[in-house]
Amino acid sequence: MPRPSVREQLVDAAAECFHERGFNGIGVQEITRAAGVPKGSFYNHFPSKEALAVEIMRRYAVTRRLDMLEDQTLAPAPRLRAHFGYLADDLERFQFSRGCLFGNFGAELSTQSADVRSQVESGLDRWTALVTSALEEARSAGTLNSTLDPETLAGFLVNAWEGAALRAKVTRSREPLDDFLALFDSLVA
């Protein structure tokens, strides 16, 4: 079996470390230790911890299952509900200790790193665009409850989700996520 790439080991380990302790709460030494690689190898793959964070943000959308939003085997409203349900279940899997890395990095680094802020913004924009598309499909199918413009509603849902994820992290409770899903059901389903 081929040996895993050191670069991939660093990305995977750093994603876990950043989720658990934040960007500023973890150093390169701790990342390389978690990856099981020598500290010197870090700089063979990344010029800085910030560059590693940018790479993690580029990949983060995959872990959020944004592909679910394009799954044409489900009707648009159930597809959206399944997506947000998946996100809620994922936060619960970690006892609400992690939050969403878009929100975590956005809050922690938006004034420290233009590159990370840009990647967070790009990820949130992509997510919002996919939610918008599903809402437009629901509107065309006559299954969207809300009279709001799909783009406005999508922005609201993504922003509200980020707030609910933060509140769940603070309270270590699913209640904010369930409140979000109940409001989602009244607006969309």
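Residues numbered from 1 in each chain as written. Predicted model: local features only at pLDDT ≥ 70, side-chain atom pairs only at ≥ 80, totals over all residues. Heavy atoms only, no water.

J.: Before we move on, can you summarise the nonpolar core with the specific residues and values?
T.: Here is a general trend for soluble globular proteins: nonpolar side chains tend to be buried in one another's company. Formed by 59 residues in total, the largest nonpolar core has its most connected members in Phe84, Phe105, Trp127, Val131, Trp161 and Val188. Listing elements by their share of this core, those giving two or more residues are helix H1 (6-21), helix H2 (28-35), helix H4 (49-63), helix H5 (76-93), helix H6 (101-109), helix H7 (114-141), helix H8 (150-171) and helix H9 (175-187). Once you skip the residues sitting within four places of it in the chain, phenylalanine 105 turns out to touch Phe18, Phe23, Ala53, Met57, Ser110, Val116 and Val120. (Core = buried A, V, L, I, M, F, W, Y, C linked by side-chain atoms within 4.5 Å. Buried < 20%, exposed > 50% of the residue type's maximum accessible area, 1.4 Å probe, protein only. Helix = DSSP H or I, 4+ residues; strand = E, 2+ residues; numbered from the N terminus. Contact = heavy atoms within 4.5 Å.)

J.: Tell me about unusual backbone geometry, and name the residues and values.
T.: Of note, arginine 65 is a non-glycine position whose phi angle comes to about 55°, a positive value. In this structure, arginine 65 sits in the loop between H4 and H5. Non-glycine residue arginine 172 carries a positive phi angle of around 50°. In this structure, arginine 172 sits in the loop between H8 and H9.

J.: Quick rundown of the packing of H1 against H2? Include the residues and the values.
T.: Two numbers describe a pair of packed helices, the interaxial angle and the distance between the axes. In contact at an axis separation of 8 Å, H1 and H2 are set at 120° when each is read in the N-to-C sense. Judged on the interaxial angle alone, H2 and H1 are oblique. At the point where H1 passes H2, the crossing takes the right-handed sense. Across from Gln9, Leu10, Ala13, Ala14, Cys17, Phe18 and Arg21 in H1, the residues of H2 making contact are Glu30, Ile31, Thr32, Ala34 and Ala35. A class-by-class count of the residues in the contact of H1 with H2 yields eight nonpolar, two polar and two charged. (Axes fitted to C-alpha atoms, helices over the stretch in contact; angles between N-to-C directions. Parallel < 35°, antiparallel > 145°, perpendicular 65-115°, else oblique. Left-handed = near helix turned anticlockwise from the far one by under 90°. Nonpolar A, V, L, I, M, F, W, Y, C, P; charged D, E, K, R; others polar.)

J.: Can you tell me about the pattern of salt bridges, naming the residues and giving the values?
T.: The tally for this structure, following the rule as stated, stands at 16 salt bridges. Among the salt bridges present, the one from arginine 98 reaches glutamate 16, with a minimum N-O distance of 2.3 Å. A residue pair is termed long-range when its members are at least 10 positions apart, and arginine 98 in the loop between H5 and H6 and glutamate 16 in helix H1 qualify at 82 residues. Residue class for arginine 98 comes out buried when judged on its relative accessible area of 9%. Residues arginine 174 and glutamate 92 are paired through a salt bridge, measuring 2.8 Å at the closest nitrogen-oxygen approach. With arginine 174 in the loop between H8 and H9 and glutamate 92 in helix H5, this residue pair connects regions lying 82 residues apart in the sequence. Overall, the relative accessible area of 36% leaves glutamate 92 in the partly exposed class. (Salt bridge = Lys/Arg side-chain N within 4 Å of Asp/Glu carboxyl O.)

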